[in-house]
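# Structural overview
Letter by letter, the chains look like this.
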Amino acid sequence: MIPIKLEIQGLYSYKEKQTIEFDQLTAAGLFGIFGAVGSGKSSILEAILLALYGSTERLSDRGEKNSMLNLQSETLLINFEFQSGKNNTQSYLGRYSAKRNPKRFEEVKPAEHTFYEKVAGSWEPISKRAEEIIGMKKEHFKQTVIIPQGKFREFIDLTPGPRAEMMKELFGLERFDLSAKTGSLLKVVREEKIRLETQLSGLEGFTSEILKEKSSLKQTQKKEADELTQKLQQEETKLKLEEVIQQKAVQLQQFEETYRELSLRKPEIEEKRKLHKEFITAKTYIKPVWNQIQDTQKELEKYTTSVIDCERFKTRYEGEIEELEEEEAELKKKNQERPQREAKIRDLKKVLEIKQLQDRLEEANQKLETLKPEIESKRASQGQLESQISTLEKQAETLTSPEVSELAELQTASRDWASWKEDKKNLSQDRDQLKEEITSVENNLKQILSQIPSSEKNLETWQKSQKKLILELESQRDKILQKQGLTAHAHMLEDGSPCPLCGSLEHPFPLKSETEKAELKLKNEEINQEKNKLEMILTLIQKEKENQIHLENHQKNIQFKEGELEKLNKSLEDIHRLISNYGIQNETELKAKVDSMVQAGKAKEKMLSEIKSHRQSWNEKRIELGEIEKAFQSAQLNQNTVFSAISSKKEEIKDPTFCKPFFSKQVEEIYSTIEKVEQDIERALQLLDGKQKTLREKREAQASNLSSLKNFKLLKEEAASKLEKLLKEFKRLKENHGFRDDEALIRLFEHSLDAEKVDLEIRSFDQKIAITEDRVKELRAEKGVLEFEEESFLNLKNSVLELKSKVEAAQNSLLLLSEEIKTIEAQLENKKSLLETFGKLENRESNLKELEKLFKGSGFVKFVSSIYLKELCNTANVRFMKLCKNSMSLEIDDDNTFWVIDYLNGGKRRLLKTLSGGQTFQASLCLALALAEKVKALNQADQSFFFLDEGFGALDRNALRVVFETLKSLRHENRIVGIISHVEELQQEIGVYAQVELDPENGSQVTYSY
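So, here's what we can say about the structure.

### A few points about the packing of helix α10 (residues 338–398) against helix α14 (residues 587–652)
Packing of α10 against α14 leaves a shortest axis separation of 6 Å and a crossing angle of 160 degrees. With respect to α14, the axis of α10 lies roughly antiparallel. The crossing of α10 and α14 is left-handed. When its residues are assigned to classes, the contact of α10 with α14 shows 23 nonpolar, 11 polar and 21 charged.

Here it is, written out as structure tokens:
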């Protein structure tokens, strides 16, 4: 995430709208935001968090939102423009706004929180949230990108569990949480295994022995079935011949019966044949003429009626047209007076325009009288300003301003000279102190080595010799203890009685208990003395090692200090060379030169600012004067224009005598007169148009009616002639076809006989009786048909059915046996496959059980998280060891707890919480930078942004310089670092910064160093 621009209004101390242009700040790589305590520096980070996540660090969005709003503001508005996404290529805008309730001051309405994405140069709203856009939660954002005030060491203070959870969410380590997936796979395998066991238990009855037995039985049944099938085929052939003869005998009986029935229907068919012939003749030759006669009679009646109607309309149209022509003549006469009436209306309108122009003339005169004194006053003020500007410019010419680059270079040299002299002094003191400590350590080592006996080479050989001596003394003590044990039995010895240990009968020198006790006491004292001596040797060895470590660390630190001193000397030489180019010999002259240049610049800048202010006032007054003069000219022009217009309008009046009385009347009265006349003219025009339109329509209707009358008379004559010809034709056709009775012929016309159906019925009857007669003759001539016996046929058929039943039973039995064999073979194959699968499942179950143990309880995720944390620790150590001069390093154990390796104390380990405030800041800074670096790599970004608030107050001057050098080096890693602080040393070191000042009237104000 790279910030571009932030707009704040109404948040905490930001009363007025302020804009922070981050693009110019981030271009420097390292920039600062400085200001006094309470000026509103940290509120910038609060605004960024509000724009991204909708809540601040100090106050929650719910319940405490009214305290965010400036007490003198009604609206809170934040617009944050930034880049994010892969390689920070996408531009986004986060907007957060809230308003007070106008009726209740302490209540703030619900805030509006929206995001926009720049697409093709314009902002388009999106539904994504900050977690999706930036790729991290607010808590992680505050630990890797923006670190608010007081939250710098939050990552260190996390307990191991939340710290591992943060790494899991930040780097997507949930992909390594395979416990649920493994458990799911193991459950599936177990369920599949149970299913296979159930299937295998159902296949226990299928064996290869049963398969062999069933195959043998199949061969026997197949032989029997083949014999029955051959016998059935012979009998079926004989039956088929008999069935053909039986079918023909049955057909003969049916055809003979059909022929008898058809013979009985012959009279009925002949009657239908006669009726069909007459109907077809009448319909084909006579009915068409009869239909034309009917149609022609209807047309004649229709045309006769139409002629009567047209005659009636002819008379009515003549009377209506005559009446309309008289009305049209009257209206034409009235409209002929229209031009004279319209000319008088135009004159009255000119009178109205003249009266309006006279009002405008009065206004123009008043405006001119008002503007004249104001113009004279403005011109006098303009002259005074011109005189003041001329005087100031002459004074500014006498002042010289320093070169900006030269001043910046000398200021930097002055600041660096003082800082580096102080650093050189501190480093020299540190180096001398280390040399003294080295001398002390060397004396301690000499004193330790002086205690070694001359017979020993070093402490280690002395330790070995002492251990060997103690072992020998302890062996001697054991022998004395053995003797002391034997003295307990010495008083029981008697001469002549065997010894219980050696069996001797003589006892010339029995042991004395008092002597052994004294020797044992002396030996124990000697052993204790030598052990104390050994302890002393071990103490000396430990002291030697500690002094050796101190000596090595001091020597390394001296080398580092001398290297730093060499760098500082070189830097001071560079400054001497630089200032000698300007003729400056020492630091006092340099400071005096810088102060004089700054004062000269300020004086020149103040003079130029005053000139600029006067010029701005002069320009403003010049613009005001120009506008007033322009208004005066416009008023004069308007006055002349109105005079000209009034004269022109008076000349345009055609009838002055008619218009003269109207100049003294009110405008409303003139308007009323014009409106009445115009309405009367318009009404007369409309009436004339309506009458002419009605007259045209009546004349068109009269012409159409006359045309129709002529046409209908002609059609009536044609219809009468046609009817006469058709009657003659109808009479001729009746006589030709033998129809004497007209009524019988008409009934025949109206008969509902279906000619096609009757014709089809007659032809079908003729065809059917002929076919039946032929088939009877053919069947009687067939061999064996007349001799056929039904009883012998039925006996043969029953015999075939019985034989077929036996064959089907044999085939079904064989088929069932074959299916059973196929089933056994398939089940045996299935059983083999299931056994192989079952073996594989047992192996998979065993492997999954092992994986389940590994992944149980998110153990693998914690392991991966631990690896990420160790890598993070290694990355942080690169900077941390430089900051602490190689005296410490960071380490994380298997429980994700941070430790410190203290090389000044023999490389022993202690908790990170034991560090001082400044050391904790250094460790937190290194860990935060390392974490931000990992997030940068995760987001595949060329640049990354890191912003921290405060945290520098706990550091001394030397540590502050080392931290600052570390932050400056981040620019070479393409990292952008922003710092919020009130520490003055930092402000002197950072060239590009924004300054926040709290104005009592206007609230927090932002200015820049450039």
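From this point, things continue past the structure.
### Considering the sheet that holds strand β1 (residues 2–9)
With antiparallel pairing, the six strands of this open sheet are ordered in space as β2-β1-β4-β5-β6-β7. On the outer flanks of this sheet lie β2 (18–21) and β7 (122–126), each paired with one strand and no other. Going across the sheet, the axis of each strand differs from the next one's by a mean of 20 degrees, ignoring polarity. Inspection of the sheet shows β1 paired to strand β4 (residues 75–84) by seven bridges, in the antiparallel sense. What sits directly across from Lys-5, in β4, is Glu-81. Set on the sheet, helix α2 (residues 42–53) makes contact with β1, β2, β4, β5 (90–99) and β6 (112–119); between it and β4 the angle comes to about 80 degrees.

### Here's the deal with the sheet that holds strand β9 (residues 888–892)
With antiparallel pairing, three strands are arranged side by side in an open sheet as β9-β10-β11. Taken across any chain shown, the strands that pair with only one partner, and hence form the sheet edges, are β9 and β11 (908–911). Along the sheet, successive strands turn relative to each other by an average axial angle of 35 degrees, direction set aside. Summarising the sheet, β9 and strand β10 (residues 898–902) pair through five bridges and their orientation is antiparallel. Note that in β10 the partner of Ser-889 across the bridge is Ile-901.

### Some words on the pairing of β5
Burial analysis of β5 places seven of its 10 residues in the buried class, the great majority of the element. Direction of pairing for β4 relative to β5: antiparallel, over a ladder of 10 bridges. By the bridge assignment for β5, Gln-83 is matched with Ser-91. Counted along the chain from β4 to the antiparallel partner β5, the turn is five residues long, and its residue Gly-85 has a positive phi close to 85 degrees. Sheet topology places β5 next to β6; six bridges connect them, and they run antiparallel. Note on β6: the bridge partner recorded for Gly-94 is Phe-115.

### A look at the nonpolar core
Core analysis: the biggest nonpolar cluster contains 45 residues, and Leu-6 and Leu-52 have the highest contact counts within it. Sorting elements by how many residues they give to this core places α2 first, with nine residues. With 20 residues, the next largest nonpolar core counts Ile-156, Leu-872, Leu-912 and Ala-923 among its residues.

Conventions and cut-offs
- Residues numbered from 1 in each chain as written.
- Predicted model: local features only at pLDDT ≥ 70, side-chain atom pairs only at ≥ 80, totals over all residues.
- Heavy atoms only, no water.
- Axes fitted to C-alpha atoms, helices over the stretch in contact; angles between N-to-C directions.
- Helix = DSSP H or I, 4+ residues; strand = E, 2+ residues; numbered from the N terminus.
- Parallel < 35°, antiparallel > 145°, perpendicular 65-115°, else oblique.
- Left-handed = near helix turned anticlockwise from the far one by under 90°.
- Nonpolar A, V, L, I, M, F, W, Y, C, P; charged D, E, K, R; others polar.
- Pairing = 2+ DSSP bridges.
- Contact = heavy atoms within 4.5 Å.
- Buried < 20%, exposed > 50% of the residue type's maximum accessible area, 1.4 Å probe, protein only.
- Core = buried A, V, L, I, M, F, W, Y, C linked by side-chain atoms within 4.5 Å.

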